[in-house]
Structure formats: structure tokens, C-alpha cells
Amino acid sequence: MAGLYFEEFHEGQVFEHALTRTVTEMDNTMFSLMTMNPQPLHIDAHFAAETEWGQRLFNSLYTLGIMIGMSVSDTTLGTTIGNLGMTDVRFPKPVFHGDTLRARTRIVATRESKSRPTAGLVEFEHECLNQRGEVVASCRRTGLMHKRPAAA
């Protein structure tokens, strides 16, 4: 698997994820409607044109998902047991149709699991940046990670 085992993470480690994604009107509309979010800031061009933004905003929960998704292949693909939680979710700048997003991840902390001897906890700090290098989203996430399997 491409993901890392618990022992391969260390505090301060930084990943600049290679995947990028240009977000589209279709992405925004489809995600908003699939998640039953009728917010006109996302789906109504006329309404959004009359706001301070002058255009539709990209759905922030989709931005959050893209940011974390971009991190998976470098960090947790096939080596995670699951997410334990997210904190400090922030969206300091808006995302608009046509923006290209990229992500980076910093390892904040690691610790052995108290209840699972074959696992450890890793605290990730994710940031999502647009094509101008502006941070448009961030969060902290704790993952329960497999330890490297014992040699047979």
C-alpha cells in the first residue's frame, strides 16, 4: 500500500501532496444537491451575484473533502483503521468555480494506542491552498493507524 504505518510518521513531518484539482460549477452544484444543501450561495447564480462575493461560493464541505482526499495516497492509503475526529476546521478564504486546489499535511503528534497494541494515533494538520497560494481551508484530524505488521 502507498500509505504509511504508524511508525513511519513523526512530529513535524510535512507532505506537499502532488495531486491538484480544479473545481467546477458541476462539482459544486452536484455536491450541494446530493447533500440536500439548498443554499443559494452555492446553486443560484443570480442570488450569488447580488452578494458581496458577486458569484457562487464553492461548497466548503466539498473543499474539506477534497483537501483530506488529496492527502490519502501519501499518508493513509491502506494503512488506516479509521478517522477518530476533526477539529479546528477553518475556511479563511472563499473558493470559486475554476479555482485549482492543492494540499499539504503536517504531522502534529503521534502516540501509541492505549487500547490497541497494533495501532497508534496520528494527528494530521491539513491545509488546502488555491492557485495563488492562499490557504482556503484547514483542519486537524486524528487517524487511528495500523502499526507495521510483525515479520512472519
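This write-up is about the structure you can find in this document. (Residues numbered from 1 in each chain as written. Predicted model: local features only at pLDDT ≥ 70, side-chain atom pairs only at ≥ 80, totals over all residues. Heavy atoms only, no water.)

**Here we look at the nonpolar core**
Thought 1: Ranked by internal contacts, the top residues of the largest apolar core, which has 16 residues, are Val 23, Phe 58, Ile 66, Met 67, Val 95, Leu 101 and Cys 128.
Thought 2: When residues of this core are traced back to their parent elements, those giving at least two are α4 (60-75), β4 (100-112) and β6 (135-146).
Thought 3: The contacts of Ile 66, once residues within four sequence positions are left out, are Arg 21, Val 23, Phe 58 and Leu 101.
Thought 4: Judged by nonpolar contacts, the second largest core, of 8 residues, contains Leu 4, Phe 9, Phe 124 and Met 145. (Core = buried A, V, L, I, M, F, W, Y, C linked by side-chain atoms within 4.5 Å. Buried < 20%, exposed > 50% of the residue type's maximum accessible area, 1.4 Å probe, protein only. Helix = DSSP H or I, 4+ residues; strand = E, 2+ residues; numbered from the N terminus. Contact = heavy atoms within 4.5 Å.)

**Examining helix α1 (residues 25-34)**
Since the α-helix turns once every 3.6 residues, residues separated by three or four places project in the same direction.
Thought 1: Considered for burial, the residues of α1 that qualify are Asp 27, Asn 28, Phe 31 and Ser 32. Within α1, the buried residues cover an arc of 115° as seen down the axis, which keeps them to one side. In α1, the exposed positions that point more than 90 degrees away from the buried face belong to Met 26, Leu 33 and Met 34.
Thought 2: Looking one or two residues past α1, Met 36 carries a phi angle of roughly 60°, positive in sign. (Arc of directions from axis to C-beta.)

**Description of the packing of aromatic side chains**
Thought 1: What the rule picks out here adds up to 5 aromatic pairs.
Thought 2: Aromatic side chains Trp 53 and Phe 96 sit 6.4 Å apart centroid to centroid with 55° between the ring planes, which places their arrangement in the tilted category. Placement of the pair is Trp 53 in the loop between α3 (45-49) and α4 and Phe 96 in the loop between β3 (80-90) and β4, with a sequence separation of 43 residues.
Thought 3: The structure contains a cluster of three or more aromatic residues connected by ring pairs, namely Phe 9, Phe 15 and Phe 124.
Thought 4: Directly above the ring of Phe 124 sits Arg 141, whose terminal nitrogen or CZ lies 4.6 Å from the centroid. (Phe/Tyr/Trp six-rings, centres within 6.5 Å; stacked < 30°, edge-to-face > 60°. Lys NZ or Arg CZ within 6 Å of the ring centre and 35° of its normal.)

**Focus: unusual backbone geometry**
Thought 1: Of note in this structure, Met 36 is not a glycine but carries a positive phi near 60°.
Thought 2: Among the structural elements, Met 36 can be located in the loop between α1 and α2 (40-43).
Thought 3: Using a relative accessible area of 74% as the deciding quantity, one classes Met 36 as exposed.
Thought 4: In this structure, Asp 88 is a non-glycine residue whose phi angle is positive, near 50°.
Thought 5: Relative to the elements of secondary structure, Asp 88 occurs in strand β3.

**With respect to the pattern of salt bridges**
Thought 1: The full count for this structure, using the stated rule, is 11 salt bridges.
Thought 2: Note that Glu 125 is salt-bridged to Arg 106, the shortest N-O span being 3.0 Å. Pair noted here: Glu 125 is in strand β5 (residues 119-129) and Arg 106 is in strand β4, with a separation of 19 residues, a long-range link.
Thought 3: Residue classification places Glu 125 among the partly exposed residues on the basis of a relative accessible area of 23%.
Thought 4: Its relative accessible area of 31% is what places Arg 106 among the partly exposed residues. (Salt bridge = Lys/Arg side-chain N within 4 Å of Asp/Glu carboxyl O.)

**Brief notes about the environment of Leu 129**
Thought 1: With respect to the helices, strands and loops of the structure, Leu 129 is situated in strand β5.
Thought 2: The exposure class of Leu 129 is buried, given its relative accessible area of 2%.
Thought 3: Remark: the alpha-carbon pair of Leu 129 and Thr 20, spanning 109 residues in sequence, is separated by 9.8 Å.
Thought 4: Apart from residues no more than four positions distant in its own chain, Leu 129 is found in contact with Thr 100, Leu 101, Arg 102, Arg 104, Glu 134, Val 135 and Val 136.

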